[in-house]
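The chain contents come next:
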Amino acid sequence: QGYEGAEISIYSGYIVNGIFKSVNFQKRDFILDSFSHSESGASITAKDTLKLANNDRAKAPRKSKGLLSNNITNVQTSITLTPAGVGNSEYPVSGWGRLGDEVVSFTRSSDVFTIVRGQYNTLADSHSLNDVFQLCLYYSDTISNIDNDLLVNYAGVNPSSIPKLTWDDETSLYLPGLYEALITEPVGVSALLKELGESAPHYFFWDERTNLINLVAIKP
């Protein structure tokens, strides 16, 4: 299981005069999906890099670890999170958060958060000791930047696999403008990319010959 998600390369070509030269081989990069072995041999299953975005592997936003240090009322505007130091390690200095079904905006100093209650059409409510303060993921950006952020920062795709300038050209020409969303709980990256691809019609495909993820807008 420790090998799952590791990068794996397959070379196909010819060994000339018993000597391996990379120029004689085509390199194709994949992600190791499963590995097993027995007395009779080993079995390796590899898939393309987009496998990293599968819902069971990658979620955005990540699950937060900050917990309320006390019960709070529906009008309280300051909260403290535990364990100590979680504010600096997991939360930006300002942003959006979720307590139960309530969305709040916040500014932060260490583990102390100043919050504005009942945002995004939610109702301010009371919350209990050890309730999770989930960091929300907010976007108001181009399709290219959102896709890149989800794949690189949440699915762990190597940036070298993304021809970002080509993506920018494709989306600015066929999918212009900014797209806004607030994601208030961890959702599979694959599901988010699918939803975005339906809202702004485009798709990805992995080119194993160039080792790149290509983005293509659906055109008239």
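In this convention, every chain numbers its residues from 1, walking through the sequence in written order. It should be noted that, the model being predicted, local features are given only for residues of pLDDT at least 70 and side-chain atom pairs only at 80 or more, the latter also being counted only at that level, while totals for whole chains, interfaces and linings use all residues. The side-chain figures draw on all heavy atoms in the structure; neither hydrogens nor water molecules are used.

> Explain the packing of aromatic side chains residue by residue, including any values.
Stacked, edge-to-face and tilted labels apply to pairs of Phe, Tyr and Trp rings (six-membered ring for Trp) whose centres lie within 6.5 Å, assigned for plane angles under 30 degrees, over 60, and everything in between, in that order. Tallied over the full model, the rule gives 10 aromatic pairs. Here F20 and F25 contribute two aromatic rings whose centre-to-centre distance is 4.6 Å and whose plane-to-plane angle is 45 degrees, an arrangement assigned as tilted. Its relative accessible area of 48% is what places F20 among the partly exposed residues. One residue, K219, lies across the ring of Y174, its end atom 4.7 Å from the ring centre. Burial status follows relative accessibility: with a 1.4 Å probe on protein chains alone, a residue under 20% of its type maximum counts as buried, one over 50% as exposed, and anything between as partly exposed. When the NZ atom of lysine or the CZ atom of arginine is within 6 Å of a ring's centre and also within 35 degrees of its normal, the charge is said to sit over that ring.

> Would you mind going over the layout of surface pockets in detail, with residue names and values included?
In this analysis, the protein atoms alone were mapped onto a 1 Å grid. Cavities are point sets where a 1.4 Å probe fits without being able to get out; pockets are open sets with protein on both sides within 12 Å along at least five of seven lines; lining residues have an atom within 4 Å of a point. Grid points are joined across faces, edges and corners, and a volume is the space filled by probe spheres set on the points. Empty space within the largest pocket amounts to approximately 230 Å³. Around the largest pocket, the lining residues are Y139, I146, L150, Y179, E180, A181, I183, L192, E195, L196 and S199. Going along the chain from the N terminus, every DSSP run of H or I of four or more residues is numbered as a helix, and every run of E of two or more is numbered as a strand. At the level of elements, α2 (143–154), β12 (179–183) and α4 (189–199) are the ones that each hand at least two residues to the lining of the largest pocket. Broken down by class, the residue content of the lining of the largest pocket amounts to 8 nonpolar, 1 polar and 2 charged. If you add up the space inside the second largest pocket, you get close to 200 Å³. Taken together, L50, A53, N54, S190, L193, K194, G197, E198, H202, Y203 and F204 form the lining of the second largest pocket. Elements with a contribution of two residues or more to the lining of the second largest pocket: α4 and β14 (202–207). Classifying every residue of the lining of the second largest pocket gives 5 nonpolar, 4 polar and 2 charged. Residue polarity is assigned by list, with Asp, Glu, Lys and Arg as charged and Ala, Val, Leu, Ile, Met, Phe, Trp, Tyr, Cys and Pro as nonpolar; anything else, Gly included, falls into the polar class.

> An account of α2 is requested, with residue identities and associated values reported.
Here the expected span of a helix is defined as 1.5 Å times the quantity of residues minus one. Here α2 spans 16 Å end to end across 12 residues, near enough to the 16 Å set by a 1.5 Å rise per residue. Burial analysis of α2 places 9 of its 12 residues in the buried class, the great majority of the element. Among the residues making up α2, those that are buried are I143, S144, I146, D147, D149, L150, L151, V152 and Y154.

> Any chance you could break down the environment of S22 for me, citing the residues and the numbers?
Within the secondary structure, S22 sits in the loop between β1 (7–13) and β2 (25–38). For S22, a relative accessible area of 48% corresponds to the partly exposed category. Along the sequence, S22 and S12 sit 10 residues apart, while their C-alpha atoms lie 9.7 Å from each other.

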